[in-house]
Amino acid sequence: HSPQPEATLKLNLERANQIFFDCPNVAFFGFWSLVLFAKSGIWVLPCIETYRQISINPFTAPPFIVNGMAHYLFTSWLQPFIAWAIGFNTPLRFFFLSLVFSISFFALTLIILFRNHGNRSARKSVLFFISLPVAMTSFYWVGYDGLTLLLMLLALLAIKLKNLYFSMLASILTGILMGLQHFEQAFVGFGFLLLYIIFLMTPSDSFSAEKRKELLARTSFVLIGIMGGKILRSEEHTSELQSPCNL
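Overview of the structure. (Residues numbered from 1 in each chain as written. Predicted model: local features only at pLDDT ≥ 70, side-chain atom pairs only at ≥ 80, totals over all residues. Heavy atoms only, no water.)

Re the layout of surface pockets
Gaps left between atoms are located by rolling a probe of water-molecule size over the structure's atoms.
Then, in step 1: A volume near 820 Å³ is recorded for the largest pocket.
Then, in step 2: Among the elements of the structure, α6 (91-116), α9 (145-159), α11 (183-199) and α12 (209-241) are those that each provide at least two residues to the lining of the largest pocket.
Then, in step 3: Tallying contributions element by element places α9 first for the lining of the largest pocket, with six residues.
Then, in step 4: A class-by-class count of the residues in the lining of the largest pocket yields 19 nonpolar, three polar and five charged. (1 Å grid on protein atoms, 1.4 Å probe; cavity = no way out; pocket = protein on both sides within 12 Å on 5 of 7 lines; lining within 4 Å. Points joined across faces, edges and corners; volume = space filled by probe spheres on them. Helix = DSSP H or I, 4+ residues; strand = E, 2+ residues; numbered from the N terminus. Nonpolar A, V, L, I, M, F, W, Y, C, P; charged D, E, K, R; others polar.)

This is the structure in structure tokens:
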């Protein structure tokens, strides 16, 4: 091999590295967001109209629930309740609200990455994040996933709060909200986190046994909140389905 092609390759790699790490954040976010959305696009959850009907009156089971059809949609109750509370229960407004939750999850993830890492590490982390399916799940299926993922992210932030009292209070609250929105995903996700802390996370010089116990307690409070939200929703749901009118 002649040295010229190798020198050209090295120069091109240096230019690519400079563009990637030294370009302004706005250009970095804009370019990779365009790549991401061009790859996956924005699609609506096929059953979003059925899901929206719950927001017309989230305290009364719609006919499709009473008849046993699309029963699973009523378990993701929090988003229709929010839409009902703020008057966003028309088809266009309900879609817009779902999209806002999706954008909020995506934007908050990027903000957290840049606030907790240096510029180079953060940009590498962003590329790793957008390479994962979860980065576009809330956009590929605009519906209930955006709020679910946003609440899971907020729960992780609650666990990291410095004040133990506020951390546990926020962990329980976000847990309850997740239990009202999507119990299964929340319980499995934080259940595995709890198992990881118990069986795989070992104390080290940078992470003491005391910190590990504290993290275990905080994560447990999230799970307690998740189960509390599920119980709260299940009791109300049962009373709706068994009301004399619905029977």
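Remarks on α9
Then, in step 1: Here α9 is 15 residues long and its end C-alpha atoms lie 21 Å apart, about the 21 Å a rise of 1.5 Å per residue gives.
Then, in step 2: For α9, the tally of buried residues reaches 12 of 15 residues, placing the bulk of the element in the interior.
Then, in step 3: Within the sequence span of α9, burial applies to D145, G146, L147, T148, L149, L150, L151, M152, L153, A155, A158 and I159. (Expected span 1.5 Å × (residues − 1). Buried < 20%, exposed > 50% of the residue type's maximum accessible area, 1.4 Å probe, protein only.)

A look at the side chain of S55
Then, in step 1: Following the sequence through the fold, S55 ends up in the loop between α3 (48-52) and α4 (63-66).
Then, in step 2: Residue contacts for S55: discarding those within four places in its chain leaves P80, A83, W84, N89 and F94. (Contact = heavy atoms within 4.5 Å.)

A short note on the pattern of salt bridges
Then, in step 1: Under the counting rule described, the total for this entry stands at two salt bridges.
Then, in step 2: Across the salt bridge formed by E49 and R52, the nearest N and O atoms sit 2.6 Å from each other. On the criterion of helical spacing, the pair formed by E49 and R52 is a turn pair, its members being three residues apart in helix α3.
Then, in step 3: The class of E49 is partly exposed, set by a relative accessible area of 36%.
Then, in step 4: Overall, R52 belongs to the buried group, its relative accessible area being 11%.
Then, in step 5: R218 is the salt-bridge partner of E214, the closest N and O atoms lying 2.7 Å from each other. Of this pair, E214 and R218 both sit in helix α12, separated by four residues, roughly a single helical turn. (Salt bridge = Lys/Arg side-chain N within 4 Å of Asp/Glu carboxyl O.)

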